[in-house]
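# Descriptive structure summary
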Amino acid sequence: MTTAAQPFLSVDGLSVTFPTEDGRVQAVDGVSFSVERGKTLAIVGESGSGKSVTAQAIMGLLDRRLSVVTGHAWLAGRDIVAMSDDEVRHERGSSMAMIFQDPMSSLHPFYRIGAQLSEAVLVHQKVSKHAAREQALDMLNRVGIPDPKTRIDNYPHQLSGGMRQRVMIAMALINSPSLLIADEPTTALDVTVQAQILELIGTLQQEYDTAVVMITHDLGIVADIADNVAVMYGGRIVESGSVDEIFYHPQMPYTLGLLASVPRLDQVRAERLDPIPGNPPSPISLPPGCVFQPRCAYFDRVAGHACQTVRPELLDIGRGHRVRCHLDSGQRDQVASDVLAALAGGGV
Amino acid sequence: MTDASSNDDQVLRVTDLRTYFPVRSRGLLSKTIGQVKAVDGVTLSVAPGETLGLVGESGCGKSTTGRTVLRLIAPTSGRIELDGDDITRMSAKQLVPLRRKAQMIFQDPYNALNPRHTVGTIIGAPFDVQSLNPAGGVRAAVQDLMERVGLNPEHYNRYPSEFSGGQRQRIGIARAVALRPKIIVCDEPVSALDVSIQAQIMNLLKDLQDDFGVSYLFVAHDLAVVRQIAHRVAVMYLGHIVELASREELYSRPLHPYTHALLSAVPLPDPRAQASREQIRLRGDLPSPINPPSGCVFHTRCFRAEERCTVEIPELREFSAGHTVACHFPMLEVIPGAVIEGPDSGLTPQPVPYIRPPSEVISDIAESGSLARAAGVDYVEGPDTPVPQ
Amino acid sequence: MSAYVVRRVLSMILLLALLSLVVFILFSLLPADPARLTCGKSCTPEIIEANRHRLGLDIPVFAQYWEFLKGLFFGRTYAANSPDPVQCSAPCLGYSFKRGEEVFVLIKERLPATIWLAFGAFVLWLVAGISLGIYAALRRGRWQDRTVMGVALVGYSLPSFFIGLVAIFFIIIRFQLLPFPSYVSPFENPLQFLQTMILPWIILATLYAAFYMRLTRNQMLEVLGDDYIRTARAKGLPERVVIRKHALRAGLTPIVTAAGLDLAGLLGGAIILESIFSLPGIGSLAVNSVNDADLPVIVGITLVAATFIIVANLIVDLLYAVIDPRVRLS
């Protein structure tokens, strides 16, 4: 176990742009966050919020010919953004690893499970093929694959979706990375299988003392496993803080809108939900001021059209809670208590 | 509204519906070697203006049920009554006038719309099919509909690719409600959409129901979404309805162990509540519907299963008014905190997807002229359930 | 697997039988009367009748087909009752009275030239097409990609008879870089063989390579966007391993199908090139036989070419199952 709360991953002003024929696409804009070992940061956002691109930029998976990455991503004190392709490649799969949304298509259909796992060992460790296979077998056991001695010689199509995601997790953790990025790892799975996979990630995280970045759109998953949360919208972090701060003291109108629009399993809600109007912005044409302004119900409370014209900064409001909003603290409290009261008050 | 009386005022009444897909060996001398029992004895009914939620995990047969009641898939046996008419064995021609009464909304707003047709053509298609000429002309009627579902009527001549996912789902809804059907089968209508858009679409469906009194058979895997929109909820597992109750009953007093497991698997967007609730972890995977378990189909993964469950099929019986459950040992208590695990070791053999050798695909393309169909992908079928071979 | 092969072979035989029947009926419906065509200048109805009998055409079509099938397995004798019967030993694909030769023997003599032409071109086009296709895919959108695809488009759109004639005119007649084509077996005179074959190989390969470049490039681009390629990169594999081990194997699989069927198609004779370069292959035999209305030879070639295609189909399917473990042959 690490002694100090020194963050293992510290992202500072990370931006990603894609020059395209339709113009410059600003997919990620000045994102900063950090994760300690053993802790989980959830990045929440809708499609186009830039959450997956952020993850791929950290992993160095973006093609440098097609994208421009600026800022810093410090991995144990070394900046991944400044590394050469080959240096990042050595970190990938050894000190940082990633699992993806669709376990069906993320494994190579032509190679046996064992071969795909051993390959991950052999590229980073100087061991024999036999030793690599032993590690693979041990890892399959740890992720709860029943009868691993047989399964190791299976092809991916012979396993169910949940089993395949377990194999992906085994592959990601086989070199004991200190950072695991999980990009919507359960979205393609059924809820009962999702519960198994989330539990497995949690168990292994404790075992290996791994820093986990969980990318998801599901607020339930955030509540279940996160220590800290970053809410992304239009390529920017619009609110971040501890899981308690975000769920019980949300301040940003977008976060409030999300909480108001999810149907709840455990609560009696009004017959009609209270959705955020409109559509998420296109990264090709982001609004000049606050990215959320066109869908925000409260921008007219801010004097001088600041929301339409001035880009709000991510403001530290204490307790590690940051908000990107022009509303002053009194207005934010007012808005938050209105929304939360409406949520609690409604009933069928 | 939630009163499922035995009067024949139900919009849809399905009795002992079975949909089996034959599993055939390949080649010139092919023979049927088994059956996928996708829907195996489903009985349900939907009252006017009511929403019946049909929930379950992938492979439980919910989508097949939804398609079979519209006769998009031929039923193997059972009875389907649409607004009093028995449509189980009707010919395609006989079905045409009845299609006015029943429509469908699909999961994937990207694939369910023909990319080469304008929005106006797509939404107006039902009028053409039924040879109807609404007062004021089709164009006016379509623009009315567009307005009603929250689309800009001036976008009449645009193509689906010019719309966002949520807007495309609105197009699909406008098409479905064009002829004021009595019932719409909604197959995962919001699961491909972002959270903020999901809520918009659910509100729209609710508004349309209030305005037109349409009924929904709402097929979905998301239990929170179903709770928001359904009046009654049926839970399916491996082709069977295992529990059916009013929304209030099902979510506050679930009886079937599988319903408990499903509910407890959905993480709540509330960290404190999530940390202190009932947790049941089902282990393993869904058994193969080709060779379902004996007795109760859920017994291989059930944490309450006893000897009796492996031999005796539980009947769907009424536990309290309007609340039926198919279980020998219904669960009356909620167990908070503790994690309960089912017995299945996860060794369920997986049905191997059949990938066809190239020659078969080529000959299929030659026959059907459609690459998509030959590849086992159907234009109108959603991606949820693989098209049975 | 073995049960699958047996079943496939059985259905293959059935298919061939059916096909030969169709070919047989089709040719019997043709207005051309072989009995008349084999009759010389001083033709009388009696001679035609006699010829018809000699050819075995004086019985109903289905009886003719039965005779044909019997001949295939046991050989047959044409005009058995006449003073000069003609013996055609098994496997008898028919007898060309025009050439006074058994069809099977005719085809057997012509097959080597066709096989050499087809295989030589096959190797050339696979090597050129696949390697350039991969190269273009890896340089997607850059000038290398555009150049390769431009060349492919040109190669694709040039008809082979045109390049063939131009090549003969410039390379052989005008600049005399190569001697005039005259086919010999490579075992007799390897140099002359190569000098004869090199041009037809290149021309045939150009045509196919252009197609394979595009196919390979598109396959590779599709595969390189697949999720498991991203997984391979996330493991930290060097890019060349990602390409060679992960992308190539998946990307080239569909090419096996195309290549197998194209090769089989060529074994039925590259009609135009064989004629232009006067190669004594199946293709030129087919052309000559059509000109002469030599029906038995045409029927024979049709059946042989069809057999190649059907067998290739089976081989491709089996090969596919070996490459892609998801394909179950049962």
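Residues numbered from 1 in each chain as written. Chains lettered and ligands numbered in written order. Predicted model: local features only at pLDDT ≥ 70, side-chain atom pairs only at ≥ 80, totals over all residues.

### Topic: the domain arrangement of chain C
Residue and element names in this part refer to chain C. Along its sequence, chain C is carved into domain 1 (2-103) and domain 2 (107-323). Where the side of domain 1 that touches domain 2 is concerned, the elements lending two or more residues are α1 (2-28), α2 (34-37) and β3 (95-96). The biggest single contributor to the side of domain 1 that touches domain 2 is α1, with nine residues. Residue composition of the side of domain 1 that touches domain 2, by class: 13 nonpolar, three polar and three charged. (Domains from an automatic or database assignment. Helix = DSSP H or I, 4+ residues; strand = E, 2+ residues; numbered from the N terminus. Nonpolar A, V, L, I, M, F, W, Y, C, P; charged D, E, K, R; others polar.)

### So, the UniProt feature "transmembrane region" (unreviewed entry) in chain C
Residues and elements named next belong to chain C. The sites that carry the UniProt feature "transmembrane region" (unreviewed entry) are, in the present numbering, residues 115-138, 150-173, 193-211, 252-277 and 297-323. Annotated as 100% helix and 0% strand, the span residues 115-138 places its first and last C-alpha atoms 34 Å apart. Segment residues 297-323 splits into 100% helix and 0% strand. End C-alpha atoms: 39 Å apart. (UniProt positions renumbered as here; feature names shortened; annotations may be inferred.)

### A short note on the interface of chain B and chain A
When the parts of a complex come together, some accessible area is lost, and that lost area is often taken as the interface size. On the side of chain A, 42 residues touch chain B, which itself brings 39 residues to the contact. Taken together, the elements giving at least two residues each to the side of chain B that touches chain A come down to α6 (195-212), α7 (223-229), α9 (257-265) and α10 (271-275) of chain B. Tallying contributions element by element places α6 of chain B first for the side of chain B that touches chain A, with seven residues. Tallied by class, residues from the side of chain B that touches chain A come to 20 nonpolar, 12 polar and seven charged. (Contact = placed C-beta atoms within 7 Å.)

### Observations concerning the sheet that holds strand β12 (residues 322-324) of chain A
All names here are of chain A. Taking strand neighbours across the sheet as the criterion, the eight strands line up as β6-β7-β8-β3-β9-β10-β12-β11 in an open arrangement whose pairing is mixed. The sheet terminates laterally at β6 (96-99) and β11 (314-316), the two strands that pair on one side only. Neighbouring strand axes in the sheet, compared pairwise and without regard to direction, differ in orientation by 20 degrees on average. By the bridge criterion, five bridges tie strand β3 (residues 40-44) to strand β8 (residues 211-216) in an arrangement that is parallel. Of the residues in β8, the one forming a bridge with T40 is V212. Sheet strands touched by helix α1 (residues 51-59): β3, β6, β7 (179-183), β8 and β9 (228-233). Its angle to β7, the strand with the most contacts, is close to 150 degrees. (Pairing = 2+ DSSP bridges. Axes fitted to C-alpha atoms, helices over the stretch in contact; angles between N-to-C directions.)

### Concerning the UniProt feature "domain: ABC transmembrane type-1" (unreviewed entry) in chain C
In the numbering used here, UniProt assigns the feature "domain: ABC transmembrane type-1" (unreviewed entry) to residues 111-320 of chain C. End C-alpha to end C-alpha, residues 111-320 of chain C measures 27 Å, and it is 82% helix and 0% strand.

### Considering the confidence of the model for chain C
All names here are of chain C. Averaged over all residues, the pLDDT of chain C equals 87, while 98% of them reach at least 70. Looking over chain C, one finds the lowest element-wise mean pLDDT in α2, namely 72, and the highest in helix α9 (residues 227-234), namely 96. We note a pTM of 0.85 for the whole complex and an ipTM of 0.89 for its interfaces. (pLDDT = per-residue confidence, 0-100.)

### What to know about the nonpolar core
Membership of the largest hydrophobic core comes to 280 residues, with the highest contact counts inside it found for V231 of chain A together with L217 and F218 of chain B. Discounting chain neighbours no more than four positions away, the residues touching V231 of chain A are V44, G45, I237, V238, E239, S240, I246, M252, Y254 and T255 of chain A. (Core = buried A, V, L, I, M, F, W, Y, C linked by C-beta atoms within 7 Å. Buried ≥ 20, exposed ≤ 12 C-beta atoms within 10 Å, placed from the backbone.)

### A closer look at unusual backbone geometry
All names here are of chain C. Omega for the peptide link from A90 to P91 comes to -10 degrees, which places this bond in the cis form. Note on placement: P91 falls in the loop between β2 (86-88) and β3. Its identity as a non-glycine residue notwithstanding, Q176 has a phi of 50 degrees, on the positive side. Structurally, Q176 can be placed in the loop between α7 (160-174) and α8 (190-224).

### Considering the packing of helix α10 (residues 253-261) of chain A against α6 of chain B
Between α10 of chain A and α6 of chain B, the least distance of the axes is 9 Å, while the angle of their chain directions is 45 degrees. Of the possible angle classes, the one that applies to α10 of chain A and α6 of chain B is oblique. As α10 of chain A runs across α6 of chain B, the sense of the crossing is left-handed. In contact with G257, L258 and S261 of chain A of α10 of chain A, α6 of chain B contributes V195, S196 and A199 of chain B. Taken together, the residues of the contact of α10 of chain A with α6 of chain B break down into three nonpolar, three polar and no charged. (Parallel < 35°, antiparallel > 145°, perpendicular 65-115°, else oblique. Left-handed = near helix turned anticlockwise from the far one by under 90°.)

### Focus on the sheet that holds strand β9 (residues 232-237) of chain B
Residue and element names in this part refer to chain B. Taken in spatial order, the eight strands line up as β6-β7-β8-β3-β9-β10-β13-β12 in an open sheet, and their pairing is mixed. Both outer strands of the open sheet, β6 (102-105) and β12 (317-320), are each paired with one neighbouring strand and no more. Sheet twist, expressed as the average angle between the axes of neighbouring strands with direction ignored, equals 20 degrees. Examined bridge by bridge, strand β3 (residues 51-55) and β9 share four bridges and lie parallel to one another. Residue V55 lies in a different strand from β9, and its bridge partner there is V235. The sheet contacts of helix α5 (residues 165-177) involve β6 and β7 (183-187), and relative to β6 the element is tilted by about 175 degrees.

### Some details on the pairing of strand β8 (residues 215-220) of chain B
Residue and element names in this part refer to chain B. When you tally the buried positions in β8, you get six out of six residues, the bulk of the element. Side chains S215, L217 and V219 of β8 all project onto a buried face; the interleaved residues Y216, F218 and A220 project onto the opposite face, where all are buried too. As judged from the five bridges shared by β3 and β8, these two strands associate in the parallel manner. Within β8, the residue paired with G53 across the bridge is F218. Relative to β8, β7 is paired through five bridges, and the arrangement is parallel. Across the sheet, residue I183 finds its bridge partner in β8, namely S215. Viewed along the sheet, the connection from β7 through α6 into β8 turns out right-handed. (Right-handed = clockwise from strand over helix to strand, strands pointing away.)

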